[in-house]
Amino acid sequence: MSEIKLLTGNEAVVHGALAAGCRCYFGYPITPQNAIPELMSQLLPAAGGQFVQAESEVASANMLLGAAATGTRAMTSSSSPGISLKQEAISYMAASHLPGVIVNMNRGGPGLGDIGSSQGDYFQSTRGGGHGDYRTLVLAPASCQEAYDMMIQAFDLAFKYRNPVLVLGDAIVAQMKEPVKMWKPEPVSSDEAAEWRLEGAAGRESRVIMSLYLAEGALAQQNRNLVAKYEAMRAEVGAETYETADADLIVVAYGSIGRIAKSSVRRLREQGHKVGLVRPLTLYPYPDKMLENLAAQGKKFITIEHNTGQMVEDVRLAVRRYTDSSFFGYMPGNMPASEDFMEPILKALE
Amino acid sequence: MSNKYIDVIIAGFGGQGVMLIGNLLAYSGMESGLNVTYMPEYGPEMRGGTANCTVVVASEEIGSPIIKTPKSLIIMNQPSLDKFLPRIEQGGLAVVNSSLVDCSGADVRNARIVQVPANEIADQLGNAKMANMVALGAYIESTGALSMEVVSRALKNVIAPHYAHLIPKNAAALEAGAEYVRKNMQV
């Protein structure tokens, strides 16, 4: 049986990455994710990997790009303002079809904001984030166990699609402690990058990894290829559902807010209200078909977020043929509890 | 042990060890085979600022790790009483460190208050810094939340290795808090 440890979400990210075979970490400190580089600096070198505290976020993201080009399982982590600084390299990675894992423990914004929880980076996370027409896979853990599990999933998906994968937590998931089952996946196959990694071209034709496409028609084809890849990623869509079958109203919420909303839904159920919950596990690809199917059954929707209204746009797009979604935004600056969502949910139920 | 559910906010000055006893309670819940969450909330300062944490221990899946209307409190200093006592659930339980906290001005109608002179008791044991353990011992005794044996055994998991020699003293402080409640309160 796997060992169970009491870990913060930050620590779970580190242990999950190591279980996934992460060999390189590049980072630069920022609250509330500092426990990731701190623990990584102890555990990764001891496991034979490389830990680098870079001179900046920009440098650390470009180091990730470089390590990815050699087919190495590598990652970086930061929190909102630091993630903004990494976006250039993430865009280059997406354009170069390079796998890598980026963890964002979302903090309050815009600007430096505060060090508390927020979901203000939803748009940045699900719309690419940097310049150009690209997407990253986005996983949204709500618990320390999911933080562990999703790191393993993130590395597998990054190499399956040769694409950056973002794990989007927040200050709640980062700092909360919960028991985590430390399971180990099958060891990584050493030839997962055999077809494309840069390792010196002795005895074979040289390979080129770049993001510049100047030849006639090349960039158009590149963008068509990317779209085809994003279509294929739809197979990875995931969501938790709770009490949706007979619900009149569906609450849609992700990450830490999703689990807090689940408490609200549970209490309202106890009071006899027919409410249910959909918690997207993947934010890109988005579980729009699932929401559309629920909308087709005549259900109403409320989207609850820790921001001024971002994911609600995806919910509205998903259900638009049948209905709309109302919205409740809990502003960053404070942390919400289940009581905070009861009244908005009841109001949406009317 | 069907449908066990406990939540508690533990609050005091930074440096009083509220995070440590929060960790200890969470660890003990985990060792008892229950679901637990531990959620810290710091001021920007390490010492002298305010610090609190929320611990939930439950047999069912835990949704919110953040609790605004707690079922119980461990209050180590005056500002924490003023901040958190008004929020306690009707009929909830508050263990209050009466060495540093004056309850006379507080509206205590909502709650059952267990006053424990935690600093004095810890002082008698030789180290006032263990007031946190005295308070937790009193809490465990007052609520019957978890077995004291499990809590005592979990000390080794939350106390840093270079302080391991202090584990027996901390266990004694836990027991002294429980003992005070047994002698002075009708539980």
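Quick notes on the rules
- Residues numbered from 1 in each chain as written.
- Chains lettered and ligands numbered in written order.
- Predicted model: local features only at pLDDT ≥ 70, side-chain atom pairs only at ≥ 80, totals over all residues.
- Domains from an automatic or database assignment.
- Contact = placed C-beta atoms within 7 Å.
- Helix = DSSP H or I, 4+ residues; strand = E, 2+ residues; numbered from the N terminus.
- Nonpolar A, V, L, I, M, F, W, Y, C, P; charged D, E, K, R; others polar.
- Core = buried A, V, L, I, M, F, W, Y, C linked by C-beta atoms within 7 Å.
- Buried ≥ 20, exposed ≤ 12 C-beta atoms within 10 Å, placed from the backbone.
- Pairing = 2+ DSSP bridges.
- Right-handed = clockwise from strand over helix to strand, strands pointing away.
- Axes fitted to C-alpha atoms, helices over the stretch in contact; angles between N-to-C directions.
- Expected span 1.5 Å × (residues − 1).

Side note on the domain arrangement of chain A
All names here are of chain A. Along its sequence, chain A is carved into domain 1 (4-188 + 223-235) and domain 2 (239-349). Each of domain 1 and domain 2 was reduced to a C-alpha centroid, and the two centroids are 26 Å apart. With 28 residues of domain 1 at the contact, the number on the domain 2 side is 21 residues. Secondary structure elements with two or more residues in the side of domain 1 that touches domain 2: helix 5 (122-126), strand 6 (137-139), strand 7 (164-170) and helix 7 (171-175). Sort the elements by how many residues they give to the side of domain 1 that touches domain 2 and helix 5 lands first, with four residues. Of the residues that constitute the side of domain 1 that touches domain 2, the class distribution is twelve nonpolar, twelve polar and four charged.

Notes on the nonpolar core
Ranked by internal contacts, the top residues of the largest apolar core, which has 170 residues, are A:Met151, A:Val251, B:Val134 and B:Ala135. Tallying contributions element by element places helix 6 (residues 144-161) of chain A first for this core, with eleven residues. The residue makeup of this core includes at least three contributed by each of domain 1 (4-188 + 223-235) and domain 2 (239-349) of chain A. Once residues lying within four places of it in the same chain are set aside, the contact partners of B:Val134 are B:Val116, B:Ala118, B:Ile121, B:Ala122, B:Ala173, B:Ala176 and B:Gly177.

Focus: the interface of chain B and chain A
By a widespread convention, an interface's size corresponds to the accessible area lost as its parts come together. Taken together, the contact pairs 15 residues of chain B with 17 residues of chain A. At the level of secondary structure, the elements contributing two or more residues to the side of chain B that touches chain A comprise helix 1 (18-31) and strand 2 (35-42) of chain B. When residues of the side of chain B that touches chain A are assigned to their parent elements, the largest contribution, five residues, is made by strand 2 of chain B.

Some thoughts on the pairing of strand 5 (residues 100-106) of chain A
Within a regular strand, side chains alternate between the sheet's two faces. Residues and elements named next belong to chain A. Among the seven residues of strand 5, seven are classified as buried, and the element is accordingly described as predominantly covered. Residues Gly 100, Ile 102, Asn 104 and Asn 106 line one face of strand 5 and the alternating positions Val 101, Val 103 and Met 105 line the opposite face, and both faces are buried. Taken together, the four bridges between strand 4 (residues 74-78) and strand 5 define a ladder with parallel strand orientation. Paired with Ser 78 across the two strands is Asn 104, which belongs to strand 5. Chirality of the crossover, the property in question, places the unit of strand 4, helix 4 (residues 80-95) and strand 5 among those that are right-handed. The pairing of strand 5 with strand 7 spans seven bridges and is parallel. Across the sheet, Met 105 pairs through a bridge with Gly 169, a residue of strand 7.

Some thoughts on the sheet that holds strand 7 of chain A
Strands in a sheet are paired, the pairing made by backbone hydrogen bonds, and the direction either parallel or antiparallel. All names here are of chain A. One open sheet accounts for seven strands, arranged 3-2-4-5-7-6-12; its pairing is mixed. Of all the strands in the sheet, just strand 3 (50-53) and strand 12 (282-284) have a single pairing partner and so form its edges. For this sheet, the mean angle separating the axes of adjacent strands, direction not counted, is 20 degrees. Of the strands in this sheet, strand 5, strand 6 and strand 7 are in contact with helix 6, which crosses strand 7 at around 160 degrees.

Section: helix 6 of chain A
Residue and element names in this part refer to chain A. For helix 6, built from 18 residues, the straight-helix expectation of 26 Å at 1.5 Å per residue is met to within 8% by its first-to-last C-alpha distance of 25 Å. In terms of residue burial, helix 6 counts as a mostly covered element, since 15 of its 18 residues are buried. Following helix 6 by one or two positions, Arg 162 has its phi on the positive side, about 50 degrees.

Things to note about the sheet that holds strand 11 (residues 275-280) of chain A
Residues and elements named next belong to chain A. Pairing in this open sheet of five strands is mixed, and the strands run 9-11-10-13-14 from one edge to the other. The sheet terminates laterally at strand 9 (239-242) and strand 14 (325-329), the two strands that pair on one side only. Put simply, the sheet's adjacent strands are angled 20 degrees from each other on average, direction ignored. Across five bridges, the pairing between strand 13 (residues 300-305) and strand 14 is parallel. For Ile 304, the partnering residue across the bridge sits in strand 14 and is Phe 328. Those strands touched by helix 11 (residues 311-319) are strand 10 (249-252), strand 13 and strand 14, and its axis lies near 160 degrees from that of strand 13.

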